[in-house]
Amino acid sequence: MDERPEDDLVEEARRGGREAFAGLVRLYERRVYGVVFRMAGDRSDADDLAQEVFLTAWRSIASFRRGSSFYTWIYRIAVNVSLTFLRKRRREKDRAEFQENIAGVDTGRDDPFSPEGSSSRAELRVRMDEAIASLPGHFRASFVLVMDQGLSHADAAGILGCSENTVSWRMHKARKILQARLKPYLGEVRS
Amino acid sequence: MRCEPIEKWLSDDLDGALSPQRKSRLEAHLRECRDCRGYRADLTRLQAGIPPSADRSPEYWASFERRLESKLAIVDRARKPARATFFAGRRWAWAAAGFLVMAAVGVYFAVSRPGGTLETAWAPYEDPLARLLLEAEADPEVENLVNRELQASIADATPGVEDDYAVPIAADPLFWESLSDAELEYIAVELERESGNGGLK
């Protein structure tokens, strides 16, 4: 394990040091995985996306500006890679739904937010995952950075390239959406 | 006070982003508004209900790092040819230079190598014959001798015409067996005619 300070690792990685970059990967792999997992909502996709994040970082680390924060930079890459992935998946899903509609196929899927069935806390967590995955991309990115990664609104705004007010507003809207969707389960947990 | 801004303040408060001044106003509102208290309870449950990010086993991370390392190596290998474009862009010049070096080495060994030149390579075979032909031109006796020797050597080197056609076709029994009766009769007529017998009657 490379125990050098992060700044030294970044500087050496900028000069092409792959060992130093591997040290940075070990420092950030779990956090990056956490972001892309929550964004993608799937372990397999998260694995691919996390790899893509670090590959993108390695390709462009020479352009990383000295003195700026590496974690902000790597989080930004993680969010951008995830948003690109979500857009692509959205297009594929739309295309599939369009073809299903043309074929008149009934997918037979249940309403994911039906309160029927188990009302346990585990059920709430499953529904919560689904509800988070249904948030619009930029809302989800704010939600993941603040709720999951514990970042401040200011840090999340720096990563997302928007104002703190925008992050605050997105967090409020994301909570409203989740609360509305999960209301039946929240009530059962409450009682 | 309307509840809509209070809901946003509740969200900010959960994120630790609410100013102390607003926080006191929020608390004052909550004491009076049952709906907002209910909303705050829902948000608190939501916050508690968020599943932790899926952590993976140490084996997973080891595998993750190995796979990433091999991909990074591929990226690096793909980068290297781009750095070598200085040389790749002048590949024709390099090929021409190589050709010139090979030609120079070839000329050196053919012409300047120790112990001889291109001339000395064939002169030992050419010179004696040239000298003999010059002598033959000057002396008719020598010329006759040379001509006889040359014709004899040509005859030795040339395959004998008679050797190839030494066996007459008529001596081959298969030739006669392969002929039909009509053909045999025709041959007999021709032979008698050539010998003056007038053919078969």
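**Remarks on the overall build of chain A**
Now for step 1: The number of helices and strands found in chain A is 8 helices and 0 strands.
Now for step 2: When the helices and strands of chain A are placed in sequence order, the string is α-α-α-α-α-α-α-α.
Now for step 3: Within the span of chain A, comprising 191 residues, buried residues form 36% of the whole.
Now for step 4: Within chain A, contacts between residues separated by at least 24 positions form 61% of all contacts whose residues are at least 6 apart in sequence.

**Remarks on the overall build of chain B**
Now for step 1: Broken down by element type, chain B carries 11 helices and 0 strands.
Now for step 2: In chain B, which comprises 201 residues, the share counted as buried stands at 7%.
Now for step 3: The long-range fraction of contacts in chain B, counting pairs at least 24 apart against all pairs at least 6 apart in sequence, stands at 27%.

**Examining the interface of chain A and chain B**
Now for step 1: Contacts between the two partners involve 34 residues from chain A, matched on the other side by 25 residues from chain B.
Now for step 2: Across the side of chain A that touches chain B, the residue classes break down as 15 nonpolar, 7 polar and 12 charged.

**A few points about the packing of helix 1 (residues 3-14) of chain B against helix 2 (residues 20-32) of chain B**
All names here are of chain B.
Now for step 1: The geometry of helix 1 relative to helix 2 is characterised by a closest axis approach of 10 Å and an angle of 120° between their N-to-C directions. Relative to helix 2, the element helix 1 lies oblique. Along this stretch, helix 1 crosses helix 2, giving a crossing that reads as left-handed. In this structure, helix 1 uses Ile-6, Trp-9, Leu-10 and Asp-13 to contact helix 2, whose residues at the interface are Arg-22, Lys-23, Leu-26 and His-29.

**Points about the nonpolar core**
Now for step 1: Val-32, Val-36, Val-53 and Ala-78 of chain A are the most contacted members of the largest nonpolar core, which has 63 residues in total.
Now for step 2: A per-element tally of this core places helix 2 (residues 18-40) of chain A first, with 13 residues.

**Regarding helix 7 (residues 153-160) of chain A**
Residues and elements named next belong to chain A.
Now for step 1: Those residues of helix 7 that sit buried are His-153, Ala-156, Ala-157, Ile-159 and Leu-160. Take helix 7 and look down its axis: the buried residues cluster within an arc of 160°, on one side only.
Now for step 2: Of the residues one or two after helix 7, Gly-161 is the one with positive phi, at around 70°.

**Structural notes on the packing of helix 6 (residues 137-148) of chain A against helix 7 of chain A**
Residue and element names in this part refer to chain A.
Now for step 1: At a closest axis distance of 9 Å, the pairing of helix 6 and helix 7 adopts a crossing angle of 135°. Relative to helix 7, the element helix 6 is oriented oblique. Seen along the crossing, helix 6 lies across helix 7 with a hand that is right-handed. The segment helix 6 lies against helix 7, with Ala-141, Ser-142, Leu-145 and Val-146 engaging His-153, Ala-156, Ile-159 and Leu-160.
Now for step 2: Here the contact of helix 6 with helix 7 is composed, by residue class, of 6 nonpolar, 2 polar and no charged.

**Structural notes on the confidence of the model for chain A**
All names here are of chain A.
Now for step 1: Per-residue confidence for chain A gives a mean pLDDT of 85, with 85% of residues at or over 70.
Now for step 2: Of all secondary-structure elements in chain A, the lowest mean pLDDT belongs to helix 5 (residues 121-133), at 82, while helix 3 (residues 43-60) reaches the highest, 95.
Now for step 3: Note on residues 105-114: pLDDT under 50 across the span, and 5 contacts to partners over four residues away in sequence or across chains.

**Focus: helix 1 (residues 6-14) of chain A**
All names here are of chain A.
Now for step 1: The complete set of buried residues in helix 1 reads Leu-9, Val-10 and Ala-13. Buried positions in helix 1, seen along its axis, are confined to an arc of 100° and lie on one side of it.
Now for step 2: Remark: Gly-16 follows helix 1 within two positions and exhibits a positive phi of approximately 100°.

**Quick word on the environment of Tyr-185 of chain A**
Residue and element names in this part refer to chain A.
Now for step 1: Considering the arrangement of structural elements, one finds Tyr-185 in helix 8 (residues 164-190).
Now for step 2: For Tyr-185, a count of 25 C-beta atoms within 10 Å gives the class buried.
Now for step 3: Measuring from C-alpha to C-alpha, the distance between Tyr-185 and Arg-127 comes to 8.5 Å, with 58 residues separating the pair along the chain.

**Regarding the confidence of the model for chain B**
Now for step 1: Model confidence for chain B is summarised by a mean pLDDT of 77, while 72% of its residues fall at 70 or above.
Now for step 2: Confidence, expressed as mean pLDDT per element, reaches its minimum in chain B at helix 9 (residues 161-164) of chain B with 50 and its maximum at helix 2 of chain B with 94.

**A closer look at the environment of Gly-23 of chain A**
All names here are of chain A.
Now for step 1: The topology assignment puts Gly-23 in helix 2.
Now for step 2: According to the C-beta neighbour criterion, Gly-23 is buried, with 21 such atoms within 10 Å.
Now for step 3: Taking C-alpha positions, Gly-23 is 6.9 Å from Leu-9, a pair spaced 14 residues apart along the chain.

Reading the values: rules and limits
Residues numbered from 1 in each chain as written. Chains lettered and ligands numbered in written order. Predicted model: local features only at pLDDT ≥ 70, side-chain atom pairs only at ≥ 80, totals over all residues. Helix = DSSP H or I, 4+ residues; strand = E, 2+ residues; numbered from the N terminus. Buried ≥ 20, exposed ≤ 12 C-beta atoms within 10 Å, placed from the backbone. Contact = placed C-beta atoms within 7 Å. Nonpolar A, V, L, I, M, F, W, Y, C, P; charged D, E, K, R; others polar. Axes fitted to C-alpha atoms, helices over the stretch in contact; angles between N-to-C directions. Parallel < 35°, antiparallel > 145°, perpendicular 65-115°, else oblique. Left-handed = near helix turned anticlockwise from the far one by under 90°. Core = buried A, V, L, I, M, F, W, Y, C linked by C-beta atoms within 7 Å. Arc of directions from axis to C-beta. pLDDT = per-residue confidence, 0-100.

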